[in-house]
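Chain and residue survey
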Amino acid sequence: MDRRLFVSDLARYAALCAVVPNVWRVTSRPRFADDPFALGVASGDPTPTGGVLWTRLAPRPFEPDGGMEGTRVTVDWEVADDDGFTKVVQKGRATAAPELSFSVHIDVTGLLPDRWYFYRFRSGDAVSQVGRLRTTPTDGAVTPLAFAFASCQNWEQGLFTAYEHMANEELDLVAHLGDYIYEYAGNPRGVRMHHGLEIRTLDDYRRRYAQYKSDPLLQAAHRRCPWVVTWDDHEVDNNYAGLAGENNMESTEQMRARRAAAYQAWWEHQPVRVPRVQSWADLSITRTINWGALARFWVLDTRQYRDDQACGDGTKPFCDEARDPRRGLLGAAQESWLLDGLGRSRSRWQVLAQQVMMGPYDAAEGDEVRTSMDQWSGYPAARDRLLGEIAKRAPNRTVAITGDIHSNWVNELRSDFSRPDRPVVAAEFVGTSIASGGNGGPVPPARLADMKRENPHLKWFENRRGYVTCTVNRDTWRADYRSVPFVDKPGAPIATASSWRLEHGRAGITAL
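To keep things clear, this report deals only with the structure shown in the data block. (Residues numbered from 1 in each chain as written. Predicted model: local features only at pLDDT ≥ 70, side-chain atom pairs only at ≥ 80, totals over all residues. Heavy atoms only, no water.)

1. Regarding the packing of aromatic side chains
In this structure the tally under the stated criterion is 20 aromatic pairs. Judged by centre distance (6.5 Å) and plane angle (25°), the ring pair of Phe429 and Trp477 falls under stacked. Here Phe429 is found in strand E20 (residues 424-430), whereas its partner Trp477 is found in strand E23 (residues 476-484), with 48 residues between them in sequence. The residues Phe429 and Trp477 share a single accessibility class, namely buried. Consider the rings of Phe429 and Tyr481, whose centres lie 6.5 Å apart with planes at 70°: the pair is edge-to-face. One end of the pair, Phe429, is in strand E20; the other, Tyr481, is in strand E23, with 52 residues separating them in the sequence. Through pairs of rings, three or more aromatic residues link up here, namely Phe147, Phe297, Trp349, Phe429, Trp460, Trp477 and Tyr481. Above the ring of Trp155, the side-chain terminus of Arg192 is found at 3.7 Å from the ring centroid. (Phe/Tyr/Trp six-rings, centres within 6.5 Å; stacked < 30°, edge-to-face > 60°. Helix = DSSP H or I, 4+ residues; strand = E, 2+ residues; numbered from the N terminus. Buried < 20%, exposed > 50% of the residue type's maximum accessible area, 1.4 Å probe, protein only. Lys NZ or Arg CZ within 6 Å of the ring centre and 35° of its normal.)

2. A word on empty space enclosed by the protein
According to the stated counting rule, one finds one cavity of 30 Å³ or more in the structure shown. The computed volume of the largest cavity comes to approximately 70 Å³. Lining of the largest cavity is provided by 15 residues; of these, Asn396, Ala426, Ala427, Leu502 and Arg506 occupy positions nearest its centre. Mapped onto the lining of the largest cavity, the elements with two or more residues apiece are strand E18 (398-402), E20 and strand E24 (495-503). For the lining of the largest cavity, the element with the highest residue contribution is E20, accounting for four residues. Taken together, the residues of the lining of the largest cavity sort by class into nine nonpolar, three polar and three charged. (1 Å grid on protein atoms, 1.4 Å probe; cavity = no way out; pocket = protein on both sides within 12 Å on 5 of 7 lines; lining within 4 Å. Points joined across faces, edges and corners; volume = space filled by probe spheres on them. Nonpolar A, V, L, I, M, F, W, Y, C, P; charged D, E, K, R; others polar.)

Okay, here's the thing in structure tokens:
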């Protein structure tokens with residue numbers, strides 16, 4: 001470069017920094033008005049040699065930039081064998097920047113497989129709480145797994161008491177299946193209230209995540225073990241499908257901008273490893289997580305690529321649009337990725353970590369059929385195509401874990417639900433919400449009998465809040481439905497409402 005041009009460029013950069021002093025400056029000795037780690041820490045997407053560590057600096061989470069005033073700061077991180085950090089095995093430094101809401105994602109490598117580690121962050125004089133990271137077993141190991149799955153935590157409809165109990169469970173992993181936040185405007189009649197109006201902009205979504213992340217019980221569950229996270233609809237907009245929002249008056253361009261904001265804020269607040277894309281609106285979150293040779297988790301996205309709901313959405317009788325075999329929830333590329341992968345995978349168990357109920361549910365009596373157009377039931381050709389391929393490639397070693405519906409279900413999945421004589425080829429455990437829907441209540445035995453009569457693949461149903469724990473080994477899978485009786489006040493106890501067992505390679509689900 002010409003010397004005069006070089007000096008001229010330096011002068012321009014100096015002038016810019018004089019006008020906006022924090023644009024380029026990075027400080028390793030920041031001063032914070034309050035605790036910058038108020039939103040907690042988390043780990044996720046574990047591998048045999050590491051995992052992703054997350055935090056976000058936000059000393060005043062609801063102020064612009066989380067109270068960071070635009071200043072880029074260094075954040076030190078450590079991974080140790082012990083919670084006292086006397087044996088640090090990995091450490092490093094990252095920069096927290098305003099463009100990504102001062103979030104920090106550290107993809108740690110170089111750890112030993114099948115081990116527990118402890119991690120923490122430090123910035124200036126502030127030190128975060130300590131979290132736990134577990135590496136997965138080596139690829140060939142058939143090591144038992146204990147994990148939980150959860151979904152649907154509407155801040156306004158209940159306390160996150162279930163997470164208090166989850167944080168006391170002996171778990172290797174947690175899978176969160178979506179509706180981590182809700183986009184609705186604040187309702188003063190709720191158990192507690194959202195800040196602000198319905199969220200639409202990047203700053204809106206960031207503040208809403210900050211509100212949810214401030215919950216100490218959610219933070220405790222994140223510290224306990226690594227999480228594998230996917231999204232559902234409320235991370236963007238209720239029942240959105242691709243670029244079609246709940247409000248049909250929104251244009252494609254408006255929905256694309258909203259989706260970009262929502263997806264970026266989701267990434268900024270989750271311990272995830274996902275590929276870089278040209279636009280946040282096209283962020284891909286489909287991925288696999290292996291637990292040695294025992295289980296492969298297929299993390300699915302049933303929102304971004306789906307066709308719009310048929311028949312006007314809602315619970316409806318079938319219309320011709322719903323029967324169209326070209327319609328789907330996964331999109332062609334994701335469906336091919338999943339089906340090809342199921343055929344190649346040698347894992348003992350295939351786990352579909354996904355959002356909406358796969359087993360059909362007929363809500364009408366007699367010959368009439370009324371079913372949800374938002375669930376797999378509204379896309380019957382795509383559902384039966386998937387189950388038909390599971391019958392060929394991974395029969396009775398495939399388990400769908402599902403959220404969304406705010407109630408507990410146990411479904412046996414047949415290779416083709418258009419023919420009731422088709423064999424059972426997979427199992428579905430549907431977990432209830434953490435808080436969405438409020439307290440819930442008991443299900444009268446007569447109602448459950450009616451539900452089973454119309455839906456013979458349904459084994460059990462319950463309408464309480466909680467989560468599901470799964471204990472998996474080479475030959476068996478046990479699912480325990482953990483329920484709390486109320487979420488409108490603190491102190492709810494936990495109980496196992498029902499337990500179920502699968503045997504590898506054998507059709508059907510057995511009650512324990």
